[in-house]
Amino acid sequence: MSFDQQIESFLASGPFAVVGASQNRAKYGNKVLRAYLQNHRIAYPVHPTADVIENQKVFPNLATLPESIHGVSVVTP
């Protein structure tokens, strides 16, 4: 399987979580979340104090997500 095929397989296997999601659209935590959403993927923003990011309910940690996830993007400074 080629590298591109591996990436496609991974992305087709969601849902995903974005730990470090940000309300600031200039930050990578927001850009990663938007990339998932713009590509019609299920992605849960994870942030300890935010309530909503990009019109998505935010979860304070991975343990509180409503379903099991396939992948986690961790975005930290």
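A brief report on the enclosed structure follows. (Residues numbered from 1 in each chain as written. Predicted model: local features only at pLDDT ≥ 70, side-chain atom pairs only at ≥ 80, totals over all residues. Heavy atoms only, no water.)

### Here's the deal with the pairing of strand S2 (residues 43–46)
Here's step 1: Taking every second residue as pointing to the same face, both faces of S2 are buried, with Ala43 and Pro45 on one and Tyr44 and Val46 on the other.
Here's step 2: Pairing geometry for strand S1 (residues 16–19) and S2, over four bridges, is parallel. Residue pairing in the sheet places phenylalanine 16 in a bridge with alanine 43 of S2.
Here's step 3: Taking the sense of rotation as the criterion, the β-α-β connection linking S1, helix H2 (residues 28–38) and S2 turns out right-handed. (Buried < 20%, exposed > 50% of the residue type's maximum accessible area, 1.4 Å probe, protein only. Helix = DSSP H or I, 4+ residues; strand = E, 2+ residues; numbered from the N terminus. Pairing = 2+ DSSP bridges. Right-handed = clockwise from strand over helix to strand, strands pointing away.)

### Quick word on the packing of aromatic side chains
Here's step 1: This structure, assessed with the given rule, holds three aromatic pairs.
Here's step 2: Consider the rings of tyrosine 44 and phenylalanine 59, whose centres lie 5.6 Å apart with planes at 85°: the pair is edge-to-face. Of this pair, tyrosine 44 sits in strand S2 while phenylalanine 59 sits in the loop between strand S4 (56–57) and strand S5 (71–74), and the two are 15 residues apart along the sequence.
Here's step 3: Given a relative accessible area of 14%, tyrosine 44 falls into the buried group.
Here's step 4: Note on phenylalanine 59: relative accessible area 9%, which makes it buried. (Phe/Tyr/Trp six-rings, centres within 6.5 Å; stacked < 30°, edge-to-face > 60°.)

### Brief notes about the pattern of salt bridges
Here's step 1: Scanning all chains against the criterion turns up one salt bridge.
Here's step 2: One salt bridge in this structure joins arginine 25 and glutamate 54, with 2.9 Å as the shortest N-O distance. With arginine 25 in the loop between S1 and H2 and glutamate 54 in the loop between strand S3 (52–53) and S4, this pair connects stretches of sequence that are 29 residues apart. (Salt bridge = Lys/Arg side-chain N within 4 Å of Asp/Glu carboxyl O.)

### Points about the environment of lysine 57
Here's step 1: The residue lysine 57 is located in strand S4 in this model.
Here's step 2: Distance in space between the C-alpha atoms of lysine 57 and alanine 17 is 12 Å, their sequence separation being 40 residues.
Here's step 3: Sequence-distant contacts of lysine 57, that is, excluding residues within four places in its chain, are made with Pro45 and Asp51. (Contact = heavy atoms within 4.5 Å.)

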